[in-house]
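Now for the letters of each chain:
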Amino acid sequence: MTENEWDAVVVGGGAAGLSAAQMLGRARRRTLVIDAGAPRNRFAAHMHGVLGHDGLDPAELYARGRAEARAYGVEIVTGEVVAARDLGDRVEVTRRGGAVDIARALVLTSGLVDELPDIPGLAQRWGRDVLHCPYCHGFEVAGSRIGVLVTSPMGLHQAGLVRQWSEEVTAFTALAGAVPDEVTEALRARGVRIVASPVVRLEVAQDRLAGILTADGVRHDVDALFTAPTPRLELAYAASLALARADGPGSPLVVDATGATSHPRVWAAGNLVAPFGNVPVSMGSGSMAGAGANAGLVAQAAAQAVSARRRERNARWEERYAELDRVWSGRVNATTRDVVRGLPPGSALEIGCGEGADALWLAEQGWAVTAVDVSPTAIERAGAAARARGLGIDFRVADAAGAPPGAEPGALPDGPFDLVVSSFLHSWEVEFPRAGILRAGMSRVAPGGAFVSVSHAASPPWATEAHGDRPPLRTPREELPLLGVDEEGLRDREDGWTVELAEVRGRDVVDPDGAPAVIEDGVLVLRRHP
């Protein structure tokens, strides 16, 4: 068994697959195309209605496409995919013969099969003078004697459509069952002959379609025959991915505008999503799927980078607590105390509790407290302090910014809580997601409950270093829009918030040299509408 790692694997090297691969190659993605060498239109010698390539042999289009994709570093191999398996952060693709490829994104474009009526001679003429699409081939047989083998109500529509290209059209309707009277009337009004007797075989003379023989023994002279095959998706190889399917002919895969399927690492294009799409449609959807897969990979990289930054930040906070016996004074923050003191006790969540001083004070005031912090050492100290004072507080290691997937600490508890409070929730990175964390806290507030944030509104007066490489310090009113709160007309908003307090307060402190000083605290109190 051989195993290879790729940014993207594209299954199928037809119009959709090569278009997807070209986009991925241009995005500098390490891309593999696995092609079984059996495109849907391989039976046709010419394509029509393909802008810039009208009349081109499909094989020539694919040869050009392979050359263009390879010029962008795409690797193309002949093979058949027999299995695709979800590995969580990647997808495993197995080829017949045992080769295994691992991809961070998978683009499916191959697997549709056309099922033709079982009529002697039909399959042998498929793509030559037995045709499927009037727009693709009607011009080339215009003015000749055209038959339409109707297999469904859609085929009746095709019979009326073909009349645009010829005055001699015969519709063979036995496989479609009873034809509605209004359809019969419309077809006959335009001179379309209707034959209800079943077709038994096609007759060929000098390697050309010459006639259609029906069960009543009548031979019908035709030069070309249109029929709509029944599309069927052969996707057993992707069964374990449980991709959502749509209703309708072929049960195509459900995708969005970018080709994204119901699986977060799988995209699809071409006739897997539009069974009756022609070459331009397949090329367009393939191009979108390739771009969509690249966008998905970009999003994955961003999520991984954010997770790495969060792990780094959490590790630095843990290191800070672990290297000292105590980081904070152990006393409740005076501003937090003054703001919360007048609220009736209930359930409370504290975000960024540190060593637990505020949580301990809340519990002593009668609050049922849950408190979280990213540092296990800080939480351990807070829990020890609570036990020493006989207080039952639920201290948890959690990251309010959202934990990296599969990693500790976990996320915020769901709540709801009568009070969510955060005191001096700051960190050193410019991109520290303070507003996002506060919004997460607000979402845990019960109807009628309060959200309290106490923050540093400005640098301390003794600070001398530039603040440009640190996150901005904002006043509460500057933070309101970042929290999704519009103070104007807020009271009239359903399920909204009332701003009870948004101000900057001075707090008396002692500077590092022992001199008295005043620092500015931002105080924000929001009340959720009942």
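Higher on the page you've got the structure.
Residues numbered from 1 in each chain as written. Predicted model: local features only at pLDDT ≥ 70, side-chain atom pairs only at ≥ 80, totals over all residues. Heavy atoms only, no water.

**Some details on the overall build of the protein**
Looking only at helices and strands, the protein features 12 helices and 24 strands. Here the C-alpha atoms of the protein give a radius of gyration of 35 Å, more than 25% beyond the 24 Å that 2.2 N^0.38 yields for 530 residues. Here the protein holds 530 residues, and 49% of them are scored as buried. Of the contacts formed within the protein by residues at least 6 apart in sequence, a portion of 62% connects residues at least 24 apart. Put simply, the protein shows about 25400 Å² of open surface, and 51% of that area lies on carbon and sulfur atoms. For the protein, the separation between the mean place of its 53 positive charges and that of its 68 negative charges on side chains is 2 Å. (Helix = DSSP H or I, 4+ residues; strand = E, 2+ residues; numbered from the N terminus. Rg over C-alpha atoms; globule rule 2.2 N^0.38 Å. Buried < 20%, exposed > 50% of the residue type's maximum accessible area, 1.4 Å probe, protein only. Contact = heavy atoms within 4.5 Å. Areas by Shrake-Rupley, 256 points an atom, 1.4 Å probe, with all protein chains shown as cover. Lys, Arg positive; Asp, Glu negative; His and termini not counted. Charge placed at Lys NZ, Arg CZ, Asp CG, Glu CD.)

**Quick look at the environment of Arg-311**
Note that Arg-311 resides in helix 7 (residues 279–322). Residue classification places Arg-311 among the partly exposed residues on the basis of a relative accessible area of 43%. Taking the C-alpha atoms as reference points, Arg-311 and Asp-399, separated by 88 residues in sequence, lie 9.7 Å from one another.

**A short note on the nonpolar core**
One finds Ile-393, Phe-395 and Leu-419 to be the most contacted residues of the largest nonpolar core, which totals 27 residues. Of all the secondary-structure elements, those providing two or more residues to this core are helix 8 (334–340), helix 9 (357–364), strand 19 (368–373), helix 10 (376–388), strand 21 (417–423), strand 22 (445–456) and strand 24 (516–528). No other element matches the five residues that helix 9 contributes to this core. Residues within four places of Ile-393 in sequence aside, it is in contact with Ala-359, Leu-360, Ala-363, Val-369 and Ala-386. (Core = buried A, V, L, I, M, F, W, Y, C linked by side-chain atoms within 4.5 Å.)

**A short note on unusual backbone geometry**
Cis rather than trans, the peptide bond between Gly-415 and Pro-416 has omega equal to 5°. Relative to the helices and strands, Pro-416 is located in the loop between strand 20 (394–397) and strand 21. Despite not being glycine, Ala-242 shows a phi value in the positive range, around 50°. Along the polypeptide, Ala-242 turns up in the loop between strand 16 (230–233) and strand 17 (266–268). Even without a glycine there, the phi angle at Ser-251 is positive, about 45°.

**A look at the packing of helix 1 (residues 15–26) against helix 2 (residues 58–71)**
Their axes nearest at 9 Å, the elements helix 1 and helix 2 cross at an angle of 20°. The pairing of helix 1 with helix 2 is recorded here as roughly parallel in orientation. Helix-helix and strand crossings are classified by hand; for helix 1 and helix 2 the assignment is left-handed. Two secondary-structure elements touch here, helix 1 through Ala-15, Leu-18 and Gln-22 and helix 2 through Tyr-62, Gly-65, Arg-66 and Glu-68. Tallied by class, residues from the contact of helix 1 with helix 2 come to three nonpolar, two polar and two charged. (Axes fitted to C-alpha atoms, helices over the stretch in contact; angles between N-to-C directions. Parallel < 35°, antiparallel > 145°, perpendicular 65-115°, else oblique. Left-handed = near helix turned anticlockwise from the far one by under 90°. Nonpolar A, V, L, I, M, F, W, Y, C, P; charged D, E, K, R; others polar.)

**Section: helix 5 (residues 153–162)**
Buried within helix 5 we find Gly-155, Leu-156, Gln-158, Ala-159 and Val-162. An end-on view of helix 5 places all buried positions within 155° of arc, on one side of the element. Exposed and facing more than 90 degrees away from the buried side of helix 5 are Pro-153 and Met-154. Taken together, the buried residues of helix 5 touch helix 4 (134–137), strand 9 (146–149), strand 10 (169–172), helix 6 (181–189) and strand 15 (224–227). (Arc of directions from axis to C-beta.)

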